[in-house]
Structures are given as structure tokens and as C-alpha cells.
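Residues per chain are reported as follows:
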Amino acid sequence: MHPREPAGPTAVRLGPHPHLEDTVTAARAVVAVDGPSGSGKSSVSRGVARALGLRYLDTGAMYRALTWAVLRDGVDLADERAVAAAAERVVLEFSTDPDESQISVDGLDVSRAVREEAVTSVVSTVSAVPRARAVLVERQRRAVREAQAAGQGIVVEGRDIGSVVL
């Protein structure tokens, strides 16, 4: 072991607060990073995940991947039932490594494609469909449970993370 490496799980200092313990073990920590588009959530989240040795989940990429699938399949964006059905059937796989931004739809890597203008211009329409949101929120919660079950913490970034997802 390198002399500067901490022995055992990383402890995160929370600071003085009457209702919180002084430290939390990063091995099972869940850090929620919420904020508007372009506010630096991704950079901060990845940095925190790297520094503490935690997993990382980009929930926005999940909505973008669903949007990509909806566009690929020619789903009518105004048909909420069809968008919700797409959310229920699509197979999303994503990396939780903060150094690897990989997401796939039905086995196809769409990591770059989800950042293209065609997706960006309509992702808010897809993400506004209540049933589609519910499906993805459950998948996000599952990713958190899986990280904790593996004895790892996770940084989750996106919108409504602290108020809705977690």
C-alpha cells in the first residue's frame, strides 16, 4: 500500500450537524448532484466519484438513450403511450465507471449518438412522459441498489435526483 492511501474505506467528512454523524463510509455512500443543464454536474460528479472511488451514474444519458431509441424506431413523440412502451421494452446498458462514458441501446453503443442535435432537440419531450420517467427512475434506483449491494457507493447526477429519484 502506498503510504498516502487510506487504510480501509474512504471516510467523507460531513461537518458538524446535530442530526448527522461526523463521517460516512464512502463504500456505501450515495451522492446526489442535481442542477440545470450546463451547470457542471458531470465534471463535478465524475471528479467526486474518482476522488472517492465511487461508481458514477449519468441519468441524463439514460434519457438521451431512450430518446435515441424512440427516434430510431420512428415513434410518434406526441404519443405518450408509444413513448412509454419504448421505455419499457428498450434494453439500456451503461457504465458506472467515472472514466468510461458508455451507454448502449439494445446492444448498440450510442455513447456519441446521444449527444447529437437530433437527440438534444427532443430529449425534453421524451423525458416529460410520466410513464417513461417512472421506468427510467426505477432503473436509476436499481443502479444505486446494485452499487450498495456490491459494497460500493455511487454518485448520481441529473435533474430531480435528490427530490425524486433518491
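Computed from a predicted structure; not experimentally measured.

Draft legend 1. The pairing of strand 4 (residues 55-58), seen in detail. Residue alternation in strand 4 divides its side chains into two sets, Arg-55 and Leu-57 and Tyr-56 and Asp-58, and both sets are buried. In the sheet, strand 4 pairs with strand 8 (residues 154-158) via 4 bridges, with the strands oriented parallel. Bridged to Arg-55 within strand 8 is Ile-154.

Draft legend 2. Broad picture of helix 2 (residues 59-72). Helix length check: helix 2, at 14 residues, gives a terminal C-alpha distance of 20 Å against a target of 20 Å (1.5 Å per residue), a fit within 8%. N-cap assignment for helix 2: the residue whose side-chain oxygen lies 3.1 Å from the backbone N of Gly-60 is Asp-58.

Draft legend 3. Structural context of the side chain of Ser-127. Considering the arrangement of structural elements, one finds Ser-127 in helix 5 (residues 123-127). By relative accessible area, Ser-127 is classed as buried at 15%. Of note is the side chain of Ser-127, whose polar atom sits 3.2 Å from the backbone oxygen of Ser-124. Among residues more than four places away in sequence, those in contact with Ser-127 are Tyr-63 and Arg-133.

Draft legend 4. Spotlight on the sheet that holds strand 8. If you walk across this open sheet you meet the 3 strands as 3-8-4, and the pairing is parallel. Only two strands of the sheet have a single neighbouring strand rather than two, namely strand 3 (30-34) and strand 4. Ignoring which end each strand starts from, the neighbouring axes of this sheet average 15° apart. Docked against the sheet, helix 1 (residues 41-52) engages strand 3, strand 4 and strand 8, running at close to 180° with respect to strand 8. Where helix 2 meets the sheet, its contacts fall on strand 4 and strand 8, and the angle it forms with strand 4 comes to roughly 45°.

Draft legend 5. Just the layout of surface pockets, in detail. Of the volumes computed, that of the largest pocket is approximately 580 Å³. As for the largest pocket, its lining consists of 22 residues, and the residues nearest its centre are Ser-37, Lys-41, Gly-60, Arg-64 and Arg-159. Among the elements of the structure, helix 1, helix 2, helix 5 and strand 8 are those that each provide at least two residues to the lining of the largest pocket. Here the lining of the largest pocket takes 5 residues from helix 2, the largest share from any one element. Split by residue class, the lining of the largest pocket holds 3 nonpolar, 12 polar and 7 charged.

Draft legend 6. Quick look at the nonpolar core. Judged by nonpolar contacts, the single largest core of 35 residues is most densely connected at Leu-66, Trp-68, Val-105 and Val-110. Put simply, the parts of the chain that give this core at least two residues each are helix 2, helix 3 (80-89), strand 6 (103-105), helix 5, helix 6 (130-149), strand 8 and helix 7 (161-165). Broken down by element, the residue count for this core peaks at 8 residues, all from helix 2. With near-sequence residues (within four places) excluded, Val-105 lies in contact with Ala-65, Trp-68, Ala-69, Arg-72, Val-90, Val-91, Leu-92 and Val-110. Membership of the second largest hydrophobic core comes to 5 residues, among which are Val-33, Ala-49, Leu-54 and Val-155.

Draft legend 7. Just the side chain of Gln-140, in detail. On the secondary structure map, Gln-140 appears in helix 6. Setting aside residues up to four positions removed in sequence, Gln-140 forms contacts with Leu-57, Thr-59, Met-62, Tyr-63 and Val-165.

Draft legend 8. Looking closely at the pattern of salt bridges. For the structure on display, the rule yields 7 salt bridges. The salt bridge involving Asp-73 is made with Arg-89; its shortest N-O contact spans 3.6 Å. Of this pair, Asp-73 sits in the loop between helix 2 and helix 3 while Arg-89 sits in helix 3, and the two are 16 residues apart along the sequence. Across the pair Glu-138 and Arg-145 runs a salt bridge whose closest N-O atoms are separated by 2.7 Å. For Glu-138, a relative accessible area of 32% translates into the label partly exposed. Each of Arg-72, Asp-73, Arg-89 and Asp-106 takes part in a single network of salt bridges with overlapping partners.

Quick notes on the rules
- Residues numbered from 1 in each chain as written.
- Predicted model: local features only at pLDDT ≥ 70, side-chain atom pairs only at ≥ 80, totals over all residues.
- Heavy atoms only, no water.
- Buried < 20%, exposed > 50% of the residue type's maximum accessible area, 1.4 Å probe, protein only.
- Helix = DSSP H or I, 4+ residues; strand = E, 2+ residues; numbered from the N terminus.
- Pairing = 2+ DSSP bridges.
- Expected span 1.5 Å × (residues − 1).
- Polar contact = N/O pair within 3.5 Å; in protein donor to acceptor, adjacent residues only side chain to side chain.
- Contact = heavy atoms within 4.5 Å.
- Axes fitted to C-alpha atoms, helices over the stretch in contact; angles between N-to-C directions.
- 1 Å grid on protein atoms, 1.4 Å probe; cavity = no way out; pocket = protein on both sides within 12 Å on 5 of 7 lines; lining within 4 Å.
- Points joined across faces, edges and corners; volume = space filled by probe spheres on them.
- Nonpolar A, V, L, I, M, F, W, Y, C, P; charged D, E, K, R; others polar.
- Core = buried A, V, L, I, M, F, W, Y, C linked by side-chain atoms within 4.5 Å.
- Salt bridge = Lys/Arg side-chain N within 4 Å of Asp/Glu carboxyl O.

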